[in-house]
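Read off the chains here:
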Amino acid sequence: MKVLGIETSCDETAAGVVGPEGVLSDVVYTQTIHEQYLGVVPELASRAHAEKLTAVVRSALDEAGPVDAVAATSGPGLIGAVLVGLSFAKAYAAGADLPFVGVNHLEGHLLSPLLEPEKPTFPFLGLVVSGGHTTLYLAKAVGDYETLATTVDDAAGEAYDKVARVLGLGYPGGPVIDRLASKGNPEAIRFPRPRATGLNWSFSGLKTAVRNKAEGSDEDIAASFQAAVVDVLLDRVRKASKQTGVTRVALSGGVAANSELRARFTAEPGLQVFLPAKKRCTDNAAMIANAGRLRLVAGQRDGLDVSARPSWTLDSLARP
Ligand code: KG4
Ligand code: ZN
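Note that the structure is a prediction, hence the values are computed from the model and not measured.

Definitions and cut-offs
- Residues numbered from 1 in each chain as written.
- Chains lettered and ligands numbered in written order.
- Predicted model: local features only at pLDDT ≥ 70, side-chain atom pairs only at ≥ 80, totals over all residues.
- Heavy atoms only, no water.
- Axes fitted to C-alpha atoms, helices over the stretch in contact; angles between N-to-C directions.
- Helix = DSSP H or I, 4+ residues; strand = E, 2+ residues; numbered from the N terminus.
- Parallel < 35°, antiparallel > 145°, perpendicular 65-115°, else oblique.
- Contact = heavy atoms within 4.5 Å.
- Nonpolar A, V, L, I, M, F, W, Y, C, P; charged D, E, K, R; others polar.
- Salt bridge = Lys/Arg side-chain N within 4 Å of Asp/Glu carboxyl O.
- Buried < 20%, exposed > 50% of the residue type's maximum accessible area, 1.4 Å probe, protein only.
- Donors = N, O, S within 2.8 Å, 3.2 Å for Na, K, Ca; no water.
- Phe/Tyr/Trp six-rings, centres within 6.5 Å; stacked < 30°, edge-to-face > 60°.
- Lys NZ or Arg CZ within 6 Å of the ring centre and 35° of its normal.
- Pairing = 2+ DSSP bridges.
- Right-handed = clockwise from strand over helix to strand, strands pointing away.
- Polar contact = N/O pair within 3.5 Å; in protein donor to acceptor, adjacent residues only side chain to side chain.

Novice: Summarise the packing of helix H4 (residues 156–166) against helix H5 (residues 173–181); cite the residues concerned and give the values.
Specialist: Between H4 and H5, whose axes approach to 8 Å, the crossing angle comes to 70°. When the axes of H4 and H5 are compared, the pair comes out roughly perpendicular. In this structure, H4 uses Tyr160, Asp161, Val163 and Ala164 to contact H5, whose residues at the interface are Gly173, Gly174 and Ile177. Among the residues making up the contact of H4 with H5, the classes are represented as four nonpolar, two polar and one charged.

Novice: Give a description of the pattern of salt bridges that names residues and reports values.
Specialist: Enumeration according to the criterion identifies 12 salt bridges in this entry. The salt bridge partner of aspartate 154 is lysine 207, with a shortest N-O separation of 4.0 Å. Here the residue aspartate 154 occupies a position in the loop between strand S8 (144–150) and H4, and lysine 207 occupies one in helix H6 (residues 204–213), the gap between them amounting to 53 residues. Lysine 239 is the partner of aspartate 235 in a salt bridge, and the nearest nitrogen-oxygen pair spans 3.1 Å. Residue aspartate 235 and its partner lysine 239 are located together in helix H7 (residues 218–244), separated by four residues, close to a single helical turn. Judged by relative accessible area, which is 11%, aspartate 235 ranks as buried. On the basis of relative accessibility, which here comes to 36%, the residue lysine 239 falls in the partly exposed class. The network of salt bridges with common partners includes Asp154, Glu158, Lys162 and Lys207.

Novice: Please provide a residue-by-residue account of the coordination of the zinc ion (ligand 2), values included.
Specialist: Surrounding the zinc ion (ligand 2) are the protein donor atoms His105 (NE2), His109 (NE2) and Asp283 (OD), at 2.0 to 2.1 Å. Written as a sequence motif, the donor arrangement for the zinc ion (ligand 2) is H-x3-H-x173-D. Of the two residues, histidine 109 sits in helix H3 (residues 105–111) while aspartate 283 sits in the loop between strand S10 (272–274) and helix H9 (286–297), which places them 174 residues apart along the sequence. In this structure, histidine 109 and aspartate 283 share a single accessibility class: buried.

Novice: Give a description of the packing of aromatic side chains that names residues and reports values.
Specialist: Applying the stated criterion across every chain yields a total of two aromatic pairs. Here tyrosine 160 and phenylalanine 225 contribute two aromatic rings whose centre-to-centre distance is 5.0 Å and whose plane-to-plane angle is 75°, an arrangement assigned as edge-to-face. Here phenylalanine 225 lies in helix H7 and tyrosine 160 lies in helix H4, a separation of 65 residues in the sequence. Above the plane of the ring of tyrosine 29 lies lysine 52, whose end atom (NZ or CZ) is 4.9 Å from the centre.

Novice: An account of the pairing of strand S9 (residues 248–252) is requested, with residue identities and associated values reported.
Specialist: With five of its five residues buried, S9 lies for the most part within the structure. Residues Arg248, Ala250 and Ser252 point to one face of S9 and Val249 and Leu251 to the other, with burial holding for every one of them. Here strand S6 (residues 124–129) pairs with S9 via four bridges, running parallel. Along S9, the bridge assignment pairs leucine 125 with valine 249. Two strands pair when backbone bridges link them, and S9 and S10 are joined in this way by three bridges, in the parallel orientation. Bridge pairing links arginine 248 to glutamine 272 in S10. A crossover links S9 with its parallel partner S10, the connecting element being helix H8 (residues 259–267), and its sense is right-handed.

Novice: Go over the side chain of glutamine 226, please, and point to the residues and values.
Specialist: Following the sequence through the fold, glutamine 226 ends up in helix H7. Given the relative accessible area of 4%, glutamine 226 is considered buried. A polar side-chain atom of glutamine 226 sits 3.0 Å from a polar atom in the side chain of tyrosine 160. For glutamine 226, the side chain forms a polar contact with the side chain of asparagine 258, separated by 2.8 Å. Ignoring anything within four residues of it in the chain, the contact list for glutamine 226 reads Tyr160, Ile177, Asp178, Ala181, Asn258 and Glu260.

Okay, structure coming up:
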């Protein structure tokens, strides 16, 4: 089954096609209009999606050829933005008389390592680290996910973006801090390693710590901040692996593109780490086509009455 995926939950307008052989097309348009505001402006995002989506879908279909089914992100995300892609996908499915399924954006990220040649088998620990989420799941099967840990405040990517703002580095902060950090000393400044109760994380204090202690070169601050983020992420995953006995760990989400995170997890003894290609860490539609395809192949379909769900946790997807 060849599936068209559509993703418009934030500031990437994306369409991609995945078949049994893997990714057949993967077109991503990253909206640039938000840069001047140092963050995503929801109404501008919706309008930009509406302007670009037809061309993006056409380009994905031109490359991959006709499809057998349609999948689209139906949450969580910016409601207006989600609605643009979801409505388009439903209309396309209805017009072409194709089956349709709504996909949880987080499930798209979580299952994105399955698009790689080296894929994790179930059960695996799935760490979704993005601009909106930082959650560790125990993935037992497609659609069966248990939340083991989550952030109690900011997401890790949000911390990158806020620290970049404090340092005057623009938006998004992740890639620029990643680049600067490679030239800095990670031990120059000892930032706190904040931990919340259980296996949870807390990242909001780090931004304040950076603001209060931001002395030294941007490179050293970036490297020291990044070392703190990676330390706490790895610490929790290590503990979760001990608790569950599951050693396969799949990273996903925008922050999983981070070079230090990838290097430190890969080097961690006792863990088998699975990484999506860097371009499939940030938002894309191949991951939505992939998650949708796995559900469609299992016989799942959604009616065209399925609505956008701005807050949709992955745990609630679990079906008995
Ligand atoms: O997955 P994503 O594209 O969107 C969400 O679903 O949130 O993630 C975007 C986030 C942003 O916060 C961005 O700063 C961060 O991922 N990011 C990175 C890197 N590339 C993107 N963070 C650290 N290092 C990177 N190389
Ligand atoms: Zn995302």
